[in-house]
Every structure is written in C-alpha cells, then in structure tokens.
Amino acid sequence: EDSQTSADIQSKKGESAGAMTQSLLAALKEDPTPTYTNLIAKIRNQLKKRGFTQNPQLTSNQQFDVENRVFMLSNGIEPNRNRNIGRLKRSSFRLKKPISVEELQIGTT
C-alpha cells in the first residue's frame, strides 16, 4: 500500500503542478530513453533536489526486465501474459430467504 501524499509545486509560469509530474518531465528531458531503473532513479533525484520526500515506486502486473527495458510512452505496450486475468472467483453462497412482514409481526393481537 502507498501511504504517501502528493506534493504540488509552482511551475515556471506560476501555475500549480505536481512535483512527481514535473520531476518525471525533467528526468525525460535529461534522458529521453532511460531504462525503467534509470528513470525511477532520475525522478527520485529530481524530487530530492527540489526538497520533496516523495519516493516513487514502479508497480506492474506484467513481469519484465527493468534493468534493460527502455521506458517509452509511445511504444512497447505489451499484451497481458498473466495466466489468470481478472478477479479470482471466490466461493459462492446462497442468499437467505427474505423475511416477510407477517413473520416480523410477533405477538399481534
């Protein structure tokens, strides 16, 4: 679970912007084709340099080589290779018969 909160900064134009987003953009400007490992390291460095304590992490539901795979926004979308797609079915149960109004009336005169 992620218990961190996001931080905002002022852009060069004086507009509010996310610290993480601005650090991502700065990292990609510095190196447009980083590996995933290098990208996370560069984002962390940018955030630290700006005085933020956010600690970005990489999460994926697909296994891949983070050390060698190059991060690209426009390419490299992989099809889902997971054996189980979606939610696993849990054991089902029968709903109890609803109680009628007559059954609720106890000790009526």
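By convention here, each chain's residues receive numbers from 1 onward along its written sequence. In keeping with the model being predicted, local features are shown solely for residues with a pLDDT of at least 70 and side-chain atom pairs are shown and tallied solely at 80 or more, while totals for entire chains, interfaces and linings include all residues. Side-chain measures here rest on the full set of heavy atoms in the structure, leaving out hydrogens and waters.

Draft legend 1. How the structure looks around the overall build of the chain. Note on conventions: DSSP H or I runs of at least 4 residues are helices, E runs of at least 2 residues are strands, and numbering of each starts at the N terminus. The secondary structure content of the chain amounts to three helices and two strands. Along the chain, helices and strands appear, N-terminal first, in the series β-β-α-α-α. Looking at the chain as a whole, 19% of its 109 residues are labelled buried. Contacts in the chain between residues far apart in sequence, at least 24 positions, make up 47% of those at least 6 positions apart. Burial classes: relative accessible area under 20% of the type maximum marks a residue as buried, over 50% as exposed, and values in between as partly exposed (1.4 Å probe, protein chains only). Residue contacts follow a heavy-atom distance rule, with two residues in contact if any of their heavy atoms lie within 4.5 Å.

Draft legend 2. Looking closely at the packing of aromatic side chains. Only centres within 6.5 Å qualify two rings of Phe, Tyr or Trp (six-membered ring in Trp) as a pair; their planes then separate them into stacked at under 30 degrees, edge-to-face at over 60, and tilted for everything else. A full pass over the atoms with the stated rule returns two aromatic pairs. Between Tyr 36 and Phe 71, the aromatic rings sit 5.5 Å apart at their centres with planes inclined by 85 degrees, giving edge-to-face as the arrangement. Remark: Phe 71 occurs in the loop between α2 (36–49) and α3 (101–104) and Tyr 36 occurs in helix α2; sequence separation between them is 35 residues. In terms of burial, Tyr 36 and Phe 71 fall into one category: buried. Among the aromatic residues, those joined into a ring-pair cluster are Tyr 36, Phe 64 and Phe 71.

Draft legend 3. Focus on the environment of Arg 81. Take Arg 81: it is sitting in the loop between α2 and α3. Residue Arg 81 is classed as exposed on the basis of its relative accessible area, which comes to 58%. Residues Arg 81 and Gln 63 lie 18 residues apart in sequence; the distance between their C-alpha atoms is 8.6 Å.

Draft legend 4. Fine view of the pattern of salt bridges. We define a salt bridge as a contact between a side-chain nitrogen of Lys or Arg and a carboxyl oxygen of Asp or Glu at a distance within 4 Å. Under the definition given, this model contains one salt bridge. Between Lys 42 and Glu 30 there is a salt bridge, with the nearest N and O atoms lying 3.1 Å from each other. With Lys 42 in helix α2 and Glu 30 in helix α1 (residues 19–30), this pair connects stretches of sequence that are 12 residues apart. What makes Glu 30 exposed here is its relative accessible area of 52%.

Draft legend 5. Layout of the side chain of Thr 35. Topologically, Thr 35 is positioned in the loop between α1 and α2. Discounting residues that sit within four places of it in the chain, Thr 35 has contacts with Val 66, Glu 67, Asn 68, Arg 69, Val 70 and Phe 71.

Draft legend 6. Just the nonpolar core, in detail. Nonpolar core, defined: a set of buried Ala, Val, Leu, Ile, Met, Phe, Trp, Tyr and Cys residues in which side-chain atoms within 4.5 Å join the residues together. Counting residues in each nonpolar core, the largest one holds nine residues, listed as Ala 7, Ala 19, Ala 27, Leu 28, Tyr 36, Leu 39, Ile 43, Leu 47 and Phe 71. Elements with a minimum of two residues in this core: α1 and α2. In terms of residues, this core owes the most to one element, α2, which gives four residues.

Without other data, these values stay purely geometric and don't point to any function.
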